[in-house]
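Residue-level structural notes
Next come the chains, spelled out residue by residue.
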Amino acid sequence: MALKELGYITEAISMYDLALRINPNDATLYYNKAQALHKLKQYKAAIQMYDEAIRINPGNAIFSSSKGVALKNNQQYGEAIKMFDVAIRINPNNASFYTNKRKLQITKLKRGRSPKFIVQGDAFINQKHYQQAIHLFELAIALNPKDEMLYSSKGKALFFLRQFDEARKMFDLALNLNPNISAIYNFKGVALKSLGLLGEVQKCMIQLQESIPMIQIFIRTKVKLLICYQVNALKGLGLLDEAQNVYEELLKLNPNYIEHLLNNGIIEDNNINN
């Protein structure tokens, strides 16, 4: 942080302190001071100010979410997740609350459950050493058979080896443990399509849409891709009118996305009824 910016923030905190002496019941002033302290990475002090803002106005979802971010930065992951849950209860239509919570859950999983296996296994996948990754994840699963992230990661390694049926089985095991991991539905949908199981692709799309509230907002890229699989699944089942409706929904999300998908062979034809 530049010294000039640091000076502005410090001066702002002094101004908020002065304003709070005049009006100690202004939740917004506490929130603004908390934001300033947060920028200075004074997380404990920021959390205290967020608490004051929440005490005065407990119905403000942004206050709770911001406290969650400060708790996360202070490595208080369990408490941070609770605050994101509070924010979601207050305002279930804010996509960022779900995104922040899910990212933190993944961070917590990697830190708290089989962390060395997951980090090393993901590194093998990034290096395209898929068999090594699979072997590592199998060892980890034997030690911790209730960690859904291990099954998911093993499924991804199998997926990249084009062993789609085995990958699907791993994704199913992961989803049985935690049905709200949206990214797994993405991989599972592609695996099912590669196996020619178009009816199962359709079911996977429905499960995806039901897995997390407001999913169309905060994972739009994945949804656009999955809608394409849904179009092809419906066409394969002979449901052309339904396919046309889904295709039009894709156009609403991004009319320019069609050309990319056609060029990459993800969607078969931009004229559904041909």
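Throughout what follows, the structure given in this document is the object of discussion. (Residues numbered from 1 in each chain as written. Predicted model: local features only at pLDDT ≥ 70, side-chain atom pairs only at ≥ 80, totals over all residues. Heavy atoms only, no water.)

On to the overall build of the protein chain, then. Across its full length, the protein chain carries 16 helices and zero strands. Looking at the protein chain residue by residue over its 274 residues, the buried ones come to 44%. For the protein chain, the share of sequence-separated contacts (at least 6 apart) that also reach a separation of at least 24 residues comes to 50%. Accessible surface, the protein chain: about 14,600 Å² in total, of which carbon and sulfur atoms supply 51%. (Helix = DSSP H or I, 4+ residues; strand = E, 2+ residues; numbered from the N terminus. Buried < 20%, exposed > 50% of the residue type's maximum accessible area, 1.4 Å probe, protein only. Contact = heavy atoms within 4.5 Å. Areas by Shrake-Rupley, 256 points an atom, 1.4 Å probe, with all protein chains shown as cover.)

This part takes up the environment of Ile-90. Inspection of the secondary structure assignment puts Ile-90 in helix α5 (residues 77-90). Ile-90 gets classed as partly exposed once you look at its relative accessible area, which sits at 33%. Ignoring sequence-local partners within four residues, the contact set of Ile-90 consists of Pro-58, Gly-59, Asn-60, Ala-61 and Ser-64.

With 14 residues, α5 extends 20 Å between its outermost C-alpha atoms, agreeing within 8% with the 20 Å of an ideal straight helix rising 1.5 Å per residue. Among all positions of α5, only Tyr-77, Ala-80, Ile-81, Met-83, Phe-84, Ala-87 and Ile-88 are buried. For α5, the arc enclosing every buried residue in end-on projection is 160°, short of the 170-degree limit, so these residues lie on one face. Counted as exposed and oriented over 90 degrees from the buried face of α5: Lys-82 and Arg-89. (Expected span 1.5 Å × (residues − 1). Arc of directions from axis to C-beta.)

Enumeration according to the criterion identifies 11 salt bridges in this entry. In this structure, Asp-51 engages Lys-67 in a salt bridge whose closest nitrogen and oxygen atoms are separated by 2.6 Å. Here Lys-67 lies in helix α4 (residues 61-73) and Asp-51 lies in helix α3 (residues 43-56), a separation of 16 residues in the sequence. Taking the relative accessible area as the measure of exposure, Lys-67 reaches 13% and is therefore buried. Between Arg-55 and Glu-52 there is a salt bridge, with its nearest N and O atoms 2.8 Å apart. Here Glu-52 and Arg-55 lie together in helix α3, a separation of three residues that amounts to about one turn. Linked by salt bridges that have partners in common, Asp-165, Glu-166, Arg-168 and Lys-169 make up one network. (Salt bridge = Lys/Arg side-chain N within 4 Å of Asp/Glu carboxyl O.)

Attention now moves to the side chain of His-38. One can find His-38 in helix α2 (residues 27-39). Take His-38: its relative accessible area is 13%, and that puts it in the buried class. Looking at His-38, its side chain comes within polar contact range of the side chain of Asn-73, at 2.9 Å. Residues in contact with His-38, not counting those within four places in the same chain, are Tyr-43, Ala-46, Tyr-50, Ser-66, Val-69, Ala-70 and Asn-73. (Polar contact = N/O pair within 3.5 Å; in protein donor to acceptor, adjacent residues only side chain to side chain.)

Attention now goes to the packing of aromatic side chains. For the structure on display, the rule yields eight aromatic pairs. Between Phe-159 and Phe-187 the ring centres are 5.1 Å apart and the planes differ by 90°, which places this aromatic pair in the edge-to-face class. With a gap of 28 residues between them, Phe-159 in helix α9 (residues 148-160) and Phe-187 in helix α11 (residues 182-194) connect regions that are remote in the sequence. Judged by centre distance (6.0 Å) and plane angle (35°), the rings of Phe-171 and Phe-187 are tilted. Highlighted residues: Phe-171 in helix α10 (residues 164-177) and Phe-187 in helix α11, separated in sequence by 16 residues. Feature note: the residues Tyr-130, Phe-159, Phe-160, Phe-164, Phe-171 and Phe-187 constitute an aromatic cluster, connected by ring pairs. (Phe/Tyr/Trp six-rings, centres within 6.5 Å; stacked < 30°, edge-to-face > 60°.)

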